[in-house]
There are 4 protein chains.
Amino acid sequence: MIRAGIIGATGYAGGELVRLLMGHKDTEIVWYGSRSYVNEQYASIYQNMFQIVDAKCLDDNMEELASCADVIFTATPQGLCASLLNEEILSRAKVIDLSADFRLKDVKIYEEWYKIQHKAPQYIREAVYGLCEINREKIKNARLVANPGCYPTCSTLSIYPLVKERLIDPATIIIDAKSGTSGAGRGAKTDNLYCEVNENIKAYGVAGHRHTPEIEEQLGYAAGEKVTLNFTPHLVPMNRGILVTAYASLKKEVSYEEVKAVYDQYYEQERFVRVLPKDVCPQTKWVEGSNYVDVNFKIDPRTNRVIMMGAMDNLVKGAAGQAVQNMNLMFGRDESEGLEFVPLFP
Amino acid sequence: MIRAGIIGATGYAGGELVRLLMGHKDTEIVWYGSRSYVNEQYASIYQNMFQIVDAKCLDDNMEELASCADVIFTATPQGLCASLLNEEILSRAKVIDLSADFRLKDVKIYEEWYKIQHKAPQYIREAVYGLCEINREKIKNARLVANPGCYPTCSTLSIYPLVKERLIDPATIIIDAKSGTSGAGRGAKTDNLYCEVNENIKAYGVAGHRHTPEIEEQLGYAAGEKVTLNFTPHLVPMNRGILVTAYASLKKEVSYEEVKAVYDQYYEQERFVRVLPKDVCPQTKWVEGSNYVDVNFKIDPRTNRVIMMGAMDNLVKGAAGQAVQNMNLMFGRDESEGLEFVPLFP
Amino acid sequence: MIRAGIIGATGYAGGELVRLLMGHKDTEIVWYGSRSYVNEQYASIYQNMFQIVDAKCLDDNMEELASCADVIFTATPQGLCASLLNEEILSRAKVIDLSADFRLKDVKIYEEWYKIQHKAPQYIREAVYGLCEINREKIKNARLVANPGCYPTCSTLSIYPLVKERLIDPATIIIDAKSGTSGAGRGAKTDNLYCEVNENIKAYGVAGHRHTPEIEEQLGYAAGEKVTLNFTPHLVPMNRGILVTAYASLKKEVSYEEVKAVYDQYYEQERFVRVLPKDVCPQTKWVEGSNYVDVNFKIDPRTNRVIMMGAMDNLVKGAAGQAVQNMNLMFGRDESEGLEFVPLFP
Amino acid sequence: MIRAGIIGATGYAGGELVRLLMGHKDTEIVWYGSRSYVNEQYASIYQNMFQIVDAKCLDDNMEELASCADVIFTATPQGLCASLLNEEILSRAKVIDLSADFRLKDVKIYEEWYKIQHKAPQYIREAVYGLCEINREKIKNARLVANPGCYPTCSTLSIYPLVKERLIDPATIIIDAKSGTSGAGRGAKTDNLYCEVNENIKAYGVAGHRHTPEIEEQLGYAAGEKVTLNFTPHLVPMNRGILVTAYASLKKEVSYEEVKAVYDQYYEQERFVRVLPKDVCPQTKWVEGSNYVDVNFKIDPRTNRVIMMGAMDNLVKGAAGQAVQNMNLMFGRDESEGLEFVPLFP
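Residues numbered from 1 in each chain as written. Chains lettered and ligands numbered in written order. Predicted model: local features only at pLDDT ≥ 70, side-chain atom pairs only at ≥ 80, totals over all residues. Heavy atoms only, no water.

### Some words on the environment of Val342(A)
In this structure, Val342(A) sits in the segment after helix 12 (316–330). The spatial distance from the C-alpha of Val342(A) to the C-alpha of Gly11(A) is 24 Å, given a sequence separation of 331 residues. In this structure, Val342(A) is in contact with Ser290(A), Arg19(B), Met22(B), Met49(B) and Ile52(B), ignoring residues within four places of it in sequence. (Helix = DSSP H or I, 4+ residues; strand = E, 2+ residues; numbered from the N terminus. Contact = heavy atoms within 4.5 Å.)

### Side note on the interface of chain B and chain C
Each side of the interface is counted separately: chain B has 49 residues, and chain C has 49 residues. When the two sides are added together, the surface that chain B and chain C hide from each other amounts to roughly 4,000 Å², 56% of it contributed by carbon and sulfur. The three residues of chain B that bury the most area against chain C are Glu199(B), Ile201(B) and Arg302(B), which together make up 17% of that side's buried surface. There are 4 salt bridges connecting chain B and chain C. A salt bridge links Arg302(C) to Glu216(B), with the nearest nitrogen and oxygen atoms 2.6 Å apart. Linking chain B to chain C there are 30 residue pairs in polar contact (both at pLDDT 80 or more). Mapped onto the side of chain B that touches chain C, the elements with two or more residues apiece are strand 7 (174–179), helix 9 (194–197), strand 8 (202–203), helix 10 (212–223), strand 9 (230–235), strand 10 (242–249), strand 12 (293–300) and strand 13 (305–312) of chain B. In terms of residue class, the side of chain B that touches chain C is made up of 23 nonpolar, 13 polar and 13 charged. (Buried area = accessible area lost by both parts, 1.4 Å probe. Salt bridge = Lys/Arg side-chain N within 4 Å of Asp/Glu carboxyl O. Polar contact = N/O pair within 3.5 Å; in protein donor to acceptor, adjacent residues only side chain to side chain. Nonpolar A, V, L, I, M, F, W, Y, C, P; charged D, E, K, R; others polar.)

### A look at the confidence of the model for chain A
Averaged over chain A, the pLDDT score is 97; the fraction of residues at 70 or greater is 100%. Here the complex is predicted with pTM 0.98, and the ipTM for its interfaces comes to 0.97. (pLDDT = per-residue confidence, 0-100.)

### Looking at the nonpolar core
Judged by nonpolar contacts, the single largest core of 200 residues is most densely connected at Phe73(A), Phe73(B), Phe73(C) and Phe73(D). If we skip the residues at most four places from it in the chain, Phe73(D) touches Ala4(D), Gly5(D), Ile6(D), Ile7(D), Leu17(D), Leu21(D), Ile96(D), Leu98(D), Ala323(D), Val324(D) and Met327(D). (Core = buried A, V, L, I, M, F, W, Y, C linked by side-chain atoms within 4.5 Å. Buried < 20%, exposed > 50% of the residue type's maximum accessible area, 1.4 Å probe, protein only.)

### Some thoughts on the pairing of strand 13 (residues 305–312) of chain D
All names here are of chain D. Most of strand 13 is tucked away: 8 of the 8 residues are buried. Of the two faces of strand 13, the one holding Arg305, Ile307, Met309 and Ala311 and the one holding Val306, Met308, Gly310 and Met312 are both buried throughout. The sheet contact formed by strand 10 (residues 242–249) and strand 13 spans 8 bridges and is antiparallel. Each bridged residue has a counterpart across the sheet, and for Thr245 the counterpart in strand 13 is Met309. Bridge count between strand 12 (residues 293–300) and strand 13: 8 bridges; the pairing is antiparallel. Paired with Asp300 across the strands is Arg305, a residue of strand 13. Between strand 12 and strand 13, which follow one another and run antiparallel, lie 4 residues, and Asn304 among them has a positive phi close to 60 degrees. (Pairing = 2+ DSSP bridges.)

### Focus: the packing of aromatic side chains
One pass over the full model with this rule turns up 54 aromatic pairs over all chains. Plain terms: the ring middles of Phe345(A) and Tyr12(B) are 6.4 Å apart, the flat faces sit at 55 degrees to each other, and that makes the pair tilted. Taken together, the positions of Phe345(A) in the segment after helix 12 and Tyr12(B) in helix 1 (residues 12–22) put the pair across two chains. Each member of the pair, Phe345(A) together with Tyr12(B), is buried. Three or more aromatic residues joined by ring pairs make a cluster, and in this case those are Tyr12(A), Tyr32(A), Tyr42(A), Tyr46(A), Trp286(B) and Phe345(B). The aromatic ring of Tyr46(B) is capped on one face by Arg186(B), whose charged end is 4.6 Å from the ring centroid. (Phe/Tyr/Trp six-rings, centres within 6.5 Å; stacked < 30°, edge-to-face > 60°. Lys NZ or Arg CZ within 6 Å of the ring centre and 35° of its normal.)

### Observations concerning helix 7 (residues 132–140) of chain B
Counting along an α-helix, one turn takes 3.6 residues, and residues three or four places apart therefore face a common direction. Residue and element names in this part refer to chain B. Among the residues of helix 7, Cys132, Glu133, Asn135 and Ile139 are the ones counted as buried. Down the axis of helix 7, the buried side of the element spans an arc of 135 degrees, and every buried residue falls inside it. Of the exposed residues in helix 7, those oriented more than 90 degrees away from the buried face are Glu137 and Lys138. Buried residues in helix 7 make contact with strand 5 (128–129), strand 6 (144–146), helix 8 (150–164), strand 11 (273–275) and helix 12 (316–330). (Arc of directions from axis to C-beta.)

### Overview of the relation of the copies chain D and chain A
By a simple turn and slide, chain D fits onto chain A: the slide is 0.0 Å along the axis, the RMSD is 0.0 Å, and the turn is 180 degrees. Such a turn and shift between the copies fits a two-fold axis. Both copies contact each other with a shared surface, as 100% of the interface residues of chain D are interface residues in chain A too. (Least-squares fit on C-alpha atoms with pLDDT ≥ 70 in both.)

### Overview of the relation of the copies chain B and chain C
With an axial shift of 0.0 Å and an RMSD of 0.0 Å, the rotation relating chain B to chain C amounts to 180 degrees. With an isologous cut-off of 70% or more, the 100% of interface residues of chain B that recur at the interface of chain C puts this contact in the isologous class.

### What about unusual backbone geometry?
Here the amide bond leading from Phe345(C) into Pro346(C) is cis, since omega sits at -5 degrees, within 30 degrees of zero. For Pro346(C), the position within the fold is in the segment after helix 12 (316–330). For Arg166(D), which is not glycine, the phi dihedral falls at a positive 60 degrees. Following the sequence through the fold, Arg166(D) ends up in the loop between helix 8 (150–164) and strand 7 (174–179). Among the residues examined, Arg166(D) registers a relative accessible area of 42% and is labelled partly exposed.

### As for the sheet that holds strand 7 (residues 174–179) of chain A
Here we have 7 strands laid out as an open sheet, ordered 8-9-7-10-13-12-11 (chain A), and mixed in their pairing. Two strands bound the open sheet, and with one partner strand each, they are strand 8 (202–203) and strand 11 (273–275) of chain A.

### What to know about the pattern of salt bridges
Counted by the stated rule, this structure contains 100 salt bridges over all chains. Salt-bridge contacts for Lys178(B) lead to Asp176(C); the nearest nitrogen and oxygen are separated by 3.0 Å. Linking Lys178(B) in strand 7 with Asp176(C) in strand 7 (residues 174–179), this pair reaches from one chain into another. Each of the two residues, Lys178(B) as well as Asp176(C), counts as buried. Each of Glu16(A), Arg19(A), Arg240(A) and Asp313(A) takes part in one network of salt bridges that share partners.

### Description of the packing of helix 8 of chain B against helix 10 of chain B
Residue and element names in this part refer to chain B. Where helix 8 meets helix 10, the axes come as close as 9 Å, and the angle between the chain directions of the two elements is 20 degrees. When the interaxial angle is binned, helix 8 and helix 10 end up roughly parallel. As helix 8 packs across helix 10, the resulting crossing turns out to be right-handed. Across from Tyr151, Pro152, Ser155, Thr156, Ile159, Tyr160, Val163 and Lys164 in helix 8, the residues of helix 10 making contact are Glu214, Ile215, Gln218, Leu219, Ala222 and Ala223. Residue classes in the contact of helix 8 with helix 10 are distributed as 9 nonpolar, 3 polar and 2 charged. (Axes fitted to C-alpha atoms, helices over the stretch in contact; angles between N-to-C directions. Parallel < 35°, antiparallel > 145°, perpendicular 65-115°, else oblique. Left-handed = near helix turned anticlockwise from the far one by under 90°.)

Spelled out as structure tokens, the structure:
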């Protein structure tokens, strides 16, 4: 039995972790951390857990947590995990950080985009970027996993094979992404009120969103060169789901079959990436509640570009699901344990 | 392994049955019936099932189905199941009918409210009304189960204990119900288009909805007398969920604790009915995707009425989930097998 | 030209007042009061007003406002208007209070339901309840108008004629109301976040909502006796709209035509109340953005009850629209000036 | 008084035309054409028009219509207007076609993208493309106006100034557009059901949407050369609104101020195009129900691209509002008559 502790258990990603771990046959949650609700029943915050979770929220005390848990999930704002982490914790428990603290290898880029000083740069090198489909072997032996951001997960998986196989010119990549509102978190802000989001769509963080360097770094590894791209997220009136529509120029003339073969080569054996049939566009609703990423592409011979599309549930594969997938790898469990959800439709 | 066949597998309730049975460790679907999509890949109709279901839709041939299945689910429009049923089918397979054909014991009431002639009245007496919490023992031995309607499930479970214990006057019962749009089915009708439902709420079937006599019959058994009541459904801009708000006059002065004790007496041992803590109102979102019914009540001393509330997912406990629960009972399986979903939030 | 000042111009009701007054040919807004945004451009808070409103937010200084305005709208939390009002203000400007401070004639009931001490009880008697269809003549001469609550407006107009004509028994009235989320205001609360409201419906304030005594008082005038009733509001995932479904026992047998004639007698001459054709249920979407209230009813001979229904836009007829209608009456303008909006569909 | 007739008055664009013309002080609707609802009360189809429109639907008889109207709006599927048009009609009434029949100057491109034969190619040359901000003078004298498509209106207005001023390279333009569901029309199709669209986002018509050549033609006039670009529309769960996010490479280094000056030069005098303040992103909700297009841009020095954004209401500026604006120009009325709506928020 894996003993799991969660720091930030009352945010949306934390709540989703609880949902997933409840169905994991080999894990027990031993710590529901939530600074805002210390001593309150967890099920009074998340009423869906009534009669399922019978535990109170505890403080975000990571040292004490490390003494009773095998794995610690930090589903907290940027900077918190780095400020709490130390050698003693890492020597006792594995850490899966759902924040951005250990995703970027270059601390200067982190500090520039996140506008905060990094409190534990000494662990950046050790941390493994937890995109399972790409870093599976490294994750298995990691003490510290940086769980990828929601947009980077969907973007990277949609684009990666074509960059890696040199089919597209990385300098031409443009990613136009759309996200449901749970990605904005559970904080009480006017901008996220029902009446402000409903019946509305907008871009935000244009040319400045902090997931940009994360995507660039990952695609840069695939390209073998520095990648600079445009990434524009949009807020969509729905709870869950991310859709990525990405554009890039093809380096040479290729057929549908050739590109399809590349995607299949990378994903045919993957449990959670589905390459859709020809001309079927990914839709977020078809993956809701599951750990799937649905991807597909379309070649436009008129412009010599390829349009790459990906859809996933931002709280599952984009956060808690991928974290559980990482945990399974780190503890030698079946990678899909606790993640075998059929998407909910409608 | 229970071999299951579904007639009407491409409607919303049929699709939900497939989702649930995929997670049932002891069932195999052997027949995806869908008259409209014969020979098409099931996963091309429900894209969420891509790489999960690899089967083609078959015709609604119930006789042939009976020869290869242990249980047949009919998730079809009213009248179809009754028109197809015969002794040979029933001698070979158990039948769980999700339509209204066998819910009402009085065929005249059926024909009056549904405006169709009943084609198999000889099976009405045998059919067991599949509200598990109330008819559990009878269901275990049934060949033919009438799976309750969505509104009647939520309404009956919310009100039943107080009628049975003679705390409320049945003649004063008023049920005001609100349903998500999946209850209207997947038929292409202008009234159910996104732009007609979204940002809108309306009552429909006022003083004439066909679930009225079903609720009256069930509460009548509890009351030991004929019950006549008002039932008003409303269409709400959301996919899933039914909320029932019911009103009745108390027969005597009672305290919160006394009424709570009654609810607990009926539901404390029930796996899928949760009596919420004092002053916590049921919300449909807290049960989404799960088989739970959340109930609660509030006494109004000013008017001497009690307000009874219930929330559930119309496609799960209100249709497919309850059908699986019935199947589990009929086949001697653990009642909650395949139904242990934690509600999805948000 | 009527010079209008608004206290609380950046709430949803205040924003709607600005929208409506922009289209009023005989009004000029001279004061955009908003304590939270003093000195900020109004159009930076409500971006829809960009290039339409060129003014900064001012403090909620009612005395200074009274010296430059002919009418003051207070779209503020309960208690504020009463705490600011004095004789000098009322001698200089007419006041239309959108809060509940002057709606209830019995100060004890106000203090009991609102849990605050009334700071200006001396003006309660003078204040006119601004339900135009019922108190039109009194409103014309009022200095201080208490603009009705959103639920009371829709509830009272739906039920009033049948109480007044003694067709229903007031002791049997049950009001089940459903509201869009703008009714909850623009305050940043977790409960009103997009992800908490979307795909969800719940009752709230059960047997205790503060609009209850307001409805009881108004229907009491019609009945000529004290009325006690049940009122249950629900939160619906949509921006605008209130739907009322009300139930009451008929005092005698009546035909559809007789009841229809009663409604017509009260509303045929009314510009903003539409009695719908037989069997057409009111829908909130059909009145969105307009000052209409659509009403209809259905007799249920099985239970001898009548179901009364009403739909309106909570921000227009339920708040800002009715306030403008009151202003028009108080200043001798055409009652519908600035309110001739055709409902927006879809 | 302008006598107006509408062919296709019961579609969403037709309904919006009726709403707008009801508020136009100088127009009278003399013909509500709707082949599907001949002889039915218009207000029984669009209940929002109850007590506002008292007329029955008539057949789509364009010749008879031409004898009693000054202007004919055709809000019909592609091909219908072209099949009905003739010299006699054009000699008697002006025609504003909301379909695509006369938007493309090259009949071969029309037939290739729309897969239908053009029935009246002789009028293509005469027809004026009714994008008021660009073709104002030509529209004033036109007999036949091709009302622009929704996506082309928003796309062209967002991009046009920078193409015209040679600031961006037309070959690099990529348009990622998002539309509310009313753009899909009122036809009863499974894909447009509430439960299919809600909580979902998808791309459609990827690399093949029929608005592509329309945008290319208009931007081609600005560029003075043939433009080929990528255009990807997405379906968003909301009723109204189009958001365009467009990308292009800058031809030279420019400052925010320089680009802003270009937009101002083109739009400062425009009543319905608003260039937003720096760093304020257009949102569809801020223009709902109005004829505004809100545009803005962001320079990304890292990639040397500019991101151009535009938001509008697809049924107003994207269809009926622009049609009325064209009518005003064609009949010498104030261009904004009947279009002075303040956007509805929330």
